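# Close look at the chain arrangement
Single-letter residue listing:
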Amino acid sequence: MSKKENILIIGAGLCGSLLALRLAQRGYNITLVEKRPDLRKIEQDAGRSINLALSDRGLRGLRLAGVEEAAKKLCIPMQGRMIHHENGKTFLTRYSGRSHEHINSVSRPGLNMLLLDACEKMPNVKLLFNMGCEEVDLKAASASFTDHTTGDKVQLSGDLLFGTDGAGSAVRKSMFLSRDFLFSFSQNWLTHGYKEITIPAAEGGGFRTDKDALHIWPRGEDMLIALPNLDGSFTVTLFLPFSDSDYCFDNLTTPAMVMKYFKKEYPDAVQLMPNLVEEFFENPTGPLGTIKCSPWSCYGKTLLMGDAAHAIVPFYGQGMNASFEDVVVFDEVLEQYEGNWPKIFSEYENVRKKDTDAIADLAVDNFHEMKEHTASDLFQEKRRLELQFETEFPSEYNSKYSLVTFNENIPYSEAMKRGRAQDKAILNLLQDGKLPDSLSLHEKLEKVKKETSEILHDD
Ligand code: FAD
């Protein structure tokens, strides 16, 4: 079979633009269609998460398409979590005991622009903006669009159609509405929403707080986090219940209430956010949800990827990373079965779905860990021990966080299984006083390994 099929990709966000680039590199003719204007030409909406944590799985996807080094120029390495206590004290918990392991803060539009620029350099990629997909003819790999510039209806088709149109996917909706096959779909919302606020750069362009960390203000029910940007600013995200809480989006309705809440919960952060009140009321409040669905493809013609197939909550910093990893996994399956699209699509889902289900569940776990446990003594003791294991015995131990974030060769489902068992093992041993100081670090590690394998065996 020739490699020259025409592929219509709907959604030129992070996943769609990387997918387009990779498939073009493989010789396919790509039409990449995006609902929004070309983000390289206009200023984007305020309040859309403007930076993201990029880690090894995502970098692997960028490497595959030859853009890793260019992307790294947009990155600020973050070595660990900087925890901000209510009393203003801070402490840094490193992400890993291995010094080379860190995550990166990267600009969402910056990375998207880089990928679009790379796509544009390919003679076999056509980019179309301002074209919102309305409906898909799944069997025909054809879709109807509204051209937002002219208001016209436009029909585009390919030999194959990929839906990378994000969590609210129109392609997925067409699959959901199809009566010709059974389509399973679940959407679970958290009771919390999010809102973004800015810590501007200091006068003269410096950072107002430590730039080498992801900052967290854990407060049990709610939480603030901040990631650095190259221009010296930080993007701060507030995670707060929508309702039914002393402080929630429903009752923070006046500037005075917003200031009272922030001064009480995040006094050190308030000083860094001069536009807090304006931004609180100007910026949108976003919901946070998990979407799972199946099948991801139909008729050997249409396939969902990225958030369109598996949107997750952002607490492991893995949504984009997983979407980039989708491209890597898809590329491997494509290499194996090139020419047989029905097989490629079904095998891809077969290999991949258990892993995206796993990261979806891990991300919800991490939501509770970040807001409730990161500041607790037991959690900190566990992290200290894990960091010591990773530092002293780097080839013998990986925490759950390391397995998920820095071990791109271990599938998410495996990372989840091993990581959860380890967590349980260490917490059990610590709580039962079975890791006393009289033991050497290696003896402690052996105990943790033994307990972990017993837990894995019982499961
Ligand atoms: P998107 O990036 O949403 O792209 C979809 C594209 O399709 C968009 O350009 C959209 O305009 C377009 N589109 C939508 N509908 C249509 C249509 N009908 N027709 C044509 N085009 C359409 N992930 C991480 O890895 N690390 C993080 O730190 C992180 N932080 C996050 C923080 C927050 C608050 C949120 C909400 C998410 C975060 N994520 C993070 C997740 C990450 O943003 C997503 O997983 C990632 O953007 C998925 O990429 P995508 O291309 O599948 O979808």
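The protein goes by Kynurenine 3-monooxygenase in an unreviewed UniProt entry, where it is assigned to Pukyongia salina. UniProt lists a comment for the protein under the heading Function (unreviewed entry), and it reads "Catalyzes the hydroxylation of L-kynurenine (L-Kyn) to form 3-hydroxy-L-kynurenine (L-3OHKyn). Required for synthesis of quinolinic acid." What UniProt records for the protein under Sequence similarities (unreviewed entry) is the sentence "Belongs to the aromatic-ring hydroxylase family. KMO subfamily."

Before going further, it helps to examine the sheet that holds strand β1 (residues 6–10). Here 6 strands make up an open sheet; going across it, the order is β8-β2-β1-β12-β19-β18 and the pairing mixed. The outermost strands of the open sheet, each flanked by one partner alone, are β8 (125–128) and β18 (297–298). Here strand β12 (residues 160–163) runs beside strand β19 (residues 302–304); their pairing, made up of 3 bridges, is parallel. Bridge pairing in β19 places Leu 161 opposite Thr 302. Running over the sheet, helix α4 (residues 108–120) touches β2 (29–33) and β8 and is turned about 130° from β8.

Within the protein, residue pLDDT values average 95, and 98% of them lie at 70 or more. On the interface metric, ipTM, the complex scores 0.99, and its pTM is 0.96.

Most of strand β7 (residues 103–107) sits inside the fold, with 5 of its 5 residues counted as buried. Burial along β7 is two-sided: Ile 103, Ser 105 and Ser 107 facing one way and Asn 104 and Val 106 facing the other are all buried. Bridge analysis of strand β3 (residues 51–54) against β7 gives 4 bridges, and the strand direction is antiparallel. Pairing of Leu 54 across the sheet is with Asn 104, part of β7.

Between its first and last C-alpha, helix α11 (residues 341–373) extends 46 Å over 33 residues, near the 48 Å set by a 1.5 Å rise per residue. Along α11, the helix axis deviates most sharply at Arg 352, where the bend reaches about 40°.

This part is about the site of the ligand. In the vicinity of the ligand there are 33 residues, among which Gly 11, Gly 13, Gly 166, Gly 306 and Gly 319 approach most closely. Broken down by secondary-structure element, the contributors of at least two residues to the shell around the ligand are α1 (14–25), β3, β9 (131–137), α9 (307–310) and α10 (319–337). Tallying contributions element by element places α10 first for the shell around the ligand, with 4 residues. Taken together, the residues that form the shell around the ligand break down as 13 nonpolar, 15 polar and 5 charged.

A few words on the packing of α1 against α10. Geometrically, a packed helix pair is captured by the angle between its two axes and the distance between the axes. It is at 9 Å that the axes of α1 and α10 come closest, and there the two elements cross at 25°. Here α1 lies roughly parallel to α10, going by the angle between them. Seen along the crossing, α1 lies across α10 with a hand that is right-handed. Residue-level contacts link Leu 14, Cys 15, Leu 18, Leu 19 and Arg 22 of α1 to Met 320, Ser 323, Phe 324, Asp 326, Val 327 and Asp 331 of α10. A class-by-class count of the residues in the contact of α1 with α10 yields 7 nonpolar, 1 polar and 3 charged.

Procedures and definitions
Residues numbered from 1 in each chain as written. Predicted model: local features only at pLDDT ≥ 70, side-chain atom pairs only at ≥ 80, totals over all residues. UniProt positions renumbered as here; feature names shortened; annotations may be inferred. Pairing = 2+ DSSP bridges. Helix = DSSP H or I, 4+ residues; strand = E, 2+ residues; numbered from the N terminus. Contact = placed C-beta atoms within 7 Å. Axes fitted to C-alpha atoms, helices over the stretch in contact; angles between N-to-C directions. pLDDT = per-residue confidence, 0-100. Buried ≥ 20, exposed ≤ 12 C-beta atoms within 10 Å, placed from the backbone. Expected span 1.5 Å × (residues − 1). Bend = angle between axes of the 7 residues up to and from the residue. Near = placed C-beta within 6 Å. Nonpolar A, V, L, I, M, F, W, Y, C, P; charged D, E, K, R; others polar. Parallel < 35°, antiparallel > 145°, perpendicular 65-115°, else oblique. Left-handed = near helix turned anticlockwise from the far one by under 90°.

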